[in-house]
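# A look at the structure
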Amino acid sequence: MYAVYDRWSEIARESFESEQNMVNFDHINHIVFAGMGGSGTIGDIFSSILSRSKIHVNVVKGYVLPKTADSNTLVVSISVSGNTAETLSVLESAQKINCKTIAFSSGGRILDFCTKNKIQHRVVPQIHSPRASFVSYLYSILKVLHVTLGIKQEDILESIEELEKIGTRINSSNLTDSNMSLNLAKWITGIPMIYYPFGLQSTGIRFKNSLNENAKIHASAEDVIEACHNGVVSWEKKSNFQPILIEGQDDHIKTKERWQILKKLLQQNDIEYKEIISIKGGILSKLVNLIYLLDYTTIYLAIKLNTDPTPVKSIDFIKKNLKIEKI
Ligand SMILES: O=P(O)(O)OC[C@H]1O[C@@H](O)[C@H](O)[C@@H](O)[C@@H]1O
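As the structure is a prediction and not an experimental result, all values here were calculated from the model.

Rules used in this analysis
- Position numbers for residues count from 1 along each chain, tracking the sequence in the order it is written.
- Local features are withheld for residues below a pLDDT of 70 in this predicted model, meaning they are given only at 70 or higher, and side-chain atom pairs are given and counted only at 80 or more; totals for whole chains, interfaces and linings count all residues.
- The side-chain quantities take in all heavy atoms of the structure and omit both hydrogens and water.
- Neighbouring residues are identified by heavy atoms, a residue being near a molecule or strand if any of them is within 4 Å of it.
- By the criterion applied in these results, polar contacts are pairs of N or O atoms within 3.5 Å in which, for protein atoms, one can donate a hydrogen and the other can accept it, and in which residues neighboring in sequence qualify only through two side-chain atoms.
- Note that accessible areas follow from Shrake-Rupley with a 1.4 Å probe, and for residues the cover is restricted to the protein chains shown.
- Of the grid points, spaced at 1 Å and generated over the protein atoms alone, those admitting a 1.4 Å probe that cannot get out make up cavities, while open sets with protein on both sides within 12 Å along at least five of seven lines make up pockets; any residue with an atom within 4 Å of a point is treated as lining.
- Each molecule is assigned to a cavity or pocket provided more than half of its atoms lie within 2 Å of the corresponding grid points.
- Here a strand pair is declared whenever DSSP counts at least two bridges between the two strands.
- The numbering of helices and of strands both runs from the N terminus, where a helix is a DSSP run of H or I of at least 4 residues and a strand a run of E of at least 2.
- When the strands point away from the viewer and the path from the first strand over the helix to the second turns clockwise, the crossover is right-handed.
- Domain segmentation is taken from an automatic or database assignment of domains.
- Between two residues, a contact is recorded if the distance between any of their heavy atoms is within 4.5 Å.
- Two parts placed together each lose some accessible area under a 1.4 Å probe, and the buried area is that loss summed for both.
- By convention in these notes, a salt bridge is any Lys or Arg side-chain nitrogen within 4 Å of a carboxyl oxygen on Asp or Glu.
- Note on geometry: axes are lines fitted to C-alpha atoms, helical ones only across the stretch in contact, with angles between N-to-C directions running from 0 to 180 degrees.
- To estimate how far a helix should extend, the number of its residues minus one is multiplied by 1.5 Å.
- Consider a residue and the seven residues that end there alongside the seven that start there; fitting an axis to each set, the bend is the angle between those axes.
- Here's how the labels work: a residue is buried when its accessible area is under 20% of the maximum for its type, exposed when over 50%, partly exposed in between, all with a 1.4 Å probe on protein chains only.
- Under the pairing criterion, centres of Phe, Tyr and Trp rings, with the six-membered ring standing for Trp, must be within 6.5 Å; the plane angle then separates stacked pairs below 30 degrees from edge-to-face pairs above 60, leaving the rest tilted.
- Two conditions define a charge located above a ring, namely a distance within 6 Å from the ring centre to NZ of Lys or CZ of Arg, and an angle within 35 degrees of the ring normal.

Attention shifts here to the site of the ligand. Around the ligand, 13 residues are found, and the nearest of them are Ser39, Ser79, Ser81, Thr84 and Lys319. With respect to the ligand, the side chain of lysine 319 contributes an N or O atom lying 2.7 Å from an oxygen atom. Here the ligand has 390 Å² of accessible area as a free molecule, and 92% of this is covered by the chains. A majority-of-atoms criterion places the ligand in the largest pocket.

Sheet topology note: the strand 8 (residues 241-247)/strand 9 (residues 274-277) ladder contains four bridges and is parallel. Paired with leucine 245 across the bridge in strand 9 is glutamate 275. For the segment spanning strand 8, helix 11 (residues 253-268) and strand 9, crossover handedness is right-handed.

Time to look at the domain arrangement of the protein chain. With domains assigned, the protein chain is organised as domain 1 (2-151) and domain 2 (174-304). Using only C-alpha atoms to locate each centre, domain 1 and domain 2 end up separated by 27 Å. Residue-level contacts link 19 residues of domain 1 with 19 residues of domain 2. With both sides pooled, the region where domain 1 packs onto domain 2 buries about 1,800 Å², and carbon together with sulfur makes up 63% of that total. By the criterion of area lost to domain 2, the three top residues of domain 1 are Tyr2, Tyr5 and Arg131, representing 37% of everything that side buries. Across the domain 1-domain 2 interface, the total number found is one salt bridge. Note that arginine 131 and glutamate 213 form a salt bridge whose closest N and O atoms lie 3.3 Å from each other.

Quick look at the sheet that holds strand 8 now. The strand order across the open sheet formed by four strands is 7-6-8-9, and the pairing between neighbours is parallel. Taken across any chain shown, the strands that pair with only one partner, and hence form the sheet edges, are strand 7 (220-223) and strand 9. Taking the axes of each pair of neighbouring strands and ignoring which way they run, one obtains an average angle of 25° across the sheet. With five bridges connecting them, strand 6 (residues 191-196) and strand 8 associate as parallel partners. Counterpart to proline 192 in the pairing with strand 8 is glutamine 242. Here helix 8 (residues 180-187) sits on the sheet and contacts strand 8 and strand 9; the angle it forms with strand 8, its principal contact strand, is near 155°. Strand contacts of helix 11: strand 6, strand 8 and strand 9, with the helix running at about 160° to strand 8, the strand carrying the most contacts.

A few words now on helix 6 (residues 134-149). With 16 residues, helix 6 extends just 19 Å between its outermost C-alpha atoms, more than 12% less than the 22 Å of an ideal straight helix rising 1.5 Å per residue. The sharpest bend along helix 6 reaches about 55° and sits at lysine 143. Most of helix 6 sits out of view: 15 of its 16 residues are buried. After helix 6 finishes, the residue glycine 150 shows a positive phi value of roughly 70°.

Attention shifts here to the sheet that holds strand 2 (residues 56-60). Across the sheet, five strands lie side by side as 2-1-3-4-5; this open sheet has parallel pairing. At either end of the open sheet lies a strand with only one pairing partner, and these are strand 2 and strand 5 (120-123). On average, each strand axis in the sheet is tilted by 15° relative to the strand beside it, whichever way the strands run. The pairing of strand 4 (residues 100-105) with strand 5 spans four bridges and is parallel. Its bridge partner lying in strand 5, serine 105 is registered against valine 123. Against the sheet, helix 3 (residues 37-49) engages strand 1 (30-34), strand 2 and strand 3 (73-79), with an angle of about 165° to strand 2. Contacting strand 3, strand 4 and strand 5, helix 5 (residues 108-117) crosses the sheet at an angle of about 145° to strand 5.

A few words on the packing of aromatic side chains. Here the distance between the centres and the angle between the planes together describe a pair of aromatic rings. Considering all chains together, one arrives at eight aromatic pairs under this definition. Pairing tyrosine 2 with tyrosine 300 gives two aromatic rings, centres 5.9 Å apart and planes at 50°, and the pair type is tilted. Of this pair, tyrosine 2 sits in helix 1 (residues 2-5) while tyrosine 300 sits in helix 12 (residues 283-304), and the two are 298 residues apart along the sequence. One aromatic cluster is present, formed by Tyr2, Tyr5, Trp8, Phe134, Tyr292, Tyr296 and Tyr300 through successive ring pairs. Positioned above the aromatic ring of phenylalanine 134 is the side chain of arginine 206, whose terminal nitrogen or guanidinium carbon lies 4.7 Å from the ring centre.

In structure tokens:
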């Protein structure tokens with residue numbers, strides 16, 4: 001897995017510079033991103049980026065297309081394997097009601113369905129595993145859809161440069177004290193309780209998912225503002241949860257205030273915490289930079305725990321036991 005992660009910035013650039021044909025969907029007022037796990041995180045990223053645009057965005061991590069979808073809706077289906085039942089189900093519903101559709105997969109049932117129904121499809125090869133392919137999928141989708149999504153090329157290139165910069169500091173050729181991912185992995189001894197601000201949700205959820213799949217440990221992730229109405233009470237008791245605060249340089253002023261109060265509360269309760277602060281820059285740069293740093297943490301943690309990050313036996317077990325034909 002290291003070998004793939006060490007190349008993330010190169011993969012990002014290659015994917016964005018690939019031959020994939022760009023497409024511009026017009027007359028859309030609603031976009032649905034359908035995908036599970038790492039493919040769902042890509043939807044979360046676009047949801048953050050588009051949160052200030054006039055386009056209504058839904059991220060569907062499940063089987064059901066929102067009732068508001070119609071022929072002015074673009075449904076973007078993302079599945080690295082191309083065989084994820086939930087994602088295929090949303091695509092089938094979208095095709096039935098004449099949504100505009102495009103799908104990205106390495107092949108599988110999604111490619112078969114698109115070929116049969118003449119739905120736009122782009123093949124993006126799987127690199128190692130669906131979650132490690134995250135970066136090639138993100139930048140291939142950006143290549144194909146950045147005009148439709150109104151994302152500027154310069155913002156995309158800036159984000160690749162940021163991946164290059166952080167890569168040299170956190171990759172496996174720098175196993176020193178200056179490696180932030182390694183340091184965070186060394187610090188984690190219990191269950192990470194991840195807090196994230198509005199706009200950086202994808203980083204918190206992806207970190208949780210990668211801790212689960214790579215390090216095979218429990219983890220929890222909450223929006224910090226919401227947690228100030230419920231989750232914070234849990235710190236009144238001792239536990240083996242460890243707070244990790246993912247803070248954005250440009251968080252809303254009231255979010256910044258919450259971070260300060262939360263830190264004060266943790267200090268009063270004698271609870272050690274870690275702060276991970278985003279870089280300055282565009283939202284895409286912030287998100288991919290954090291995801292890279294935190295994903296690497298999960299691989300270093302897996303190694304520390306003598307755990308092979310690659311296999312996900314329990315997910316395989318669930319999939320084997322699913323009665324796909326009954327969906
Ligand atoms: O992108 P796919 O192939 O639909 O997979 C979605 C998710 O499916 C899970 O089963 C995988 O273990 C995740 O890592 C993955 O992100």
